[in-house]
Amino acid sequence: FAEHRYYGETQPLGGSSATNASTLRWLTLEQALADYATLIHRLKLSLGAPDAKVVAIGGSYGGMLAAWLRMHYPSAVDAALAASA
């Protein structure tokens, strides 16, 4: 599973990323969607499956991300299933 910036191991500027207000400018919906679209593109290339179909699935906030990803990056995601969104 992909991990949203600033959560878990994904700290763009090290362990203090979330404690410094000036570094939180990359914690946006637009940036998260761009990250996921880039990840999908690179995974498809690295797996040698550039034409593979992709379905984004999520619940609650993840469901909203799945739906927004399909809306904003229709070439990256073929379908989206959003539960409790």
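Coordinates for the structure precede this section.
The model shown is predicted, which means the values in this text are computed figures rather than measured ones.

1. Here we look at the nonpolar core
Okay, so step 1: Ala32, Leu33, Tyr36, Ala37, Ile40, Val54, Ala56, Leu65, Ala66, Leu69, Ala76 and Val77 together form the largest nonpolar core, which totals 12 residues.
Okay, so step 2: Taken together, the elements giving at least two residues each to this core come down to helix H1 (29–46) and helix H2 (61–72).
Okay, so step 3: The greatest single-element share of this core, amounting to five residues, is contributed by H1.
Okay, so step 4: In this structure, Leu69 is in contact with Leu33, Tyr36, Ala37, Ile40, Ala56, Pro74 and Val77, ignoring residues within four places of it in sequence.

2. Here we look at the pairing of strand S1 (residues 55–59)
Looking along a regular strand, one sees the side chains alternate between the two faces of the sheet.
Okay, so step 1: Residues of S1 alternate between two faces, with Ala56 and Gly58 buried on one and Val55, Ile57 and Gly59 left unburied on the opposite face.
Okay, so step 2: As judged from the five bridges shared by S1 and strand S2 (residues 79–83), these two strands associate in the parallel manner. Each bridged residue has a counterpart across the sheet, and for Ala56 the counterpart in S2 is Ala80.
Okay, so step 3: Taken together, S1, H2 and S2 form a β-α-β motif whose crossover is right-handed.

3. Overview of empty space enclosed by the protein
Okay, so step 1: This model, assessed by the stated rule, comprises one cavity of 30 Å³ or more.
Okay, so step 2: Considering only enclosed or pocket space, the largest cavity measures out at about 30 Å³ in volume.
Okay, so step 3: Contributing to the lining of the largest cavity are Glu3, His4, Arg5, Ala32, Asp35 and Tyr36.
Okay, so step 4: Within the lining of the largest cavity, the residues separate by chemical class into two nonpolar, one polar and three charged.

4. Examining the side chain of Lys44
Okay, so step 1: Positionally, Lys44 belongs in helix H1.
Okay, so step 2: Salt bridges are absent for the buried Lys44, whose nearest opposite-charge side chain, Asp78, sits at 5.0 Å.
Okay, so step 3: A distance of 3.1 Å separates the side chain of Lys44 from the backbone oxygen of Ala52, its partner in a polar contact.
Okay, so step 4: Beyond its immediate stretch of four places on either side in the chain, Lys44 contacts Ala49, Pro50, Ala52 and Val54.

5. Details of the layout of surface pockets
Okay, so step 1: Considered as a void within the structure, the largest pocket measures approximately 530 Å³ in volume.
Okay, so step 2: What lines the largest pocket is a set of 19 residues, among which Phe1, Ala2, Tyr36, Ala56 and Ile57 lie closest to the centre.
Okay, so step 3: Residue assignment for the lining of the largest pocket shows that the elements contributing at least two residues are H1, S1 and H2.
Okay, so step 4: Per-element tally for the lining of the largest pocket: the top contributor is H1, with five residues.
Okay, so step 5: When the residues that make up the lining of the largest pocket are grouped by side-chain class, the tally is 16 nonpolar, two polar and one charged.

Rules of the game
- Residues numbered from 1 in each chain as written.
- Predicted model: local features only at pLDDT ≥ 70, side-chain atom pairs only at ≥ 80, totals over all residues.
- Heavy atoms only, no water.
- Core = buried A, V, L, I, M, F, W, Y, C linked by side-chain atoms within 4.5 Å.
- Buried < 20%, exposed > 50% of the residue type's maximum accessible area, 1.4 Å probe, protein only.
- Helix = DSSP H or I, 4+ residues; strand = E, 2+ residues; numbered from the N terminus.
- Contact = heavy atoms within 4.5 Å.
- Pairing = 2+ DSSP bridges.
- Right-handed = clockwise from strand over helix to strand, strands pointing away.
- 1 Å grid on protein atoms, 1.4 Å probe; cavity = no way out; pocket = protein on both sides within 12 Å on 5 of 7 lines; lining within 4 Å.
- Points joined across faces, edges and corners; volume = space filled by probe spheres on them.
- Nonpolar A, V, L, I, M, F, W, Y, C, P; charged D, E, K, R; others polar.
- Lys, Arg positive; Asp, Glu negative; His and termini not counted.
- Salt bridge = Lys/Arg side-chain N within 4 Å of Asp/Glu carboxyl O.
- Polar contact = N/O pair within 3.5 Å; in protein donor to acceptor, adjacent residues only side chain to side chain.

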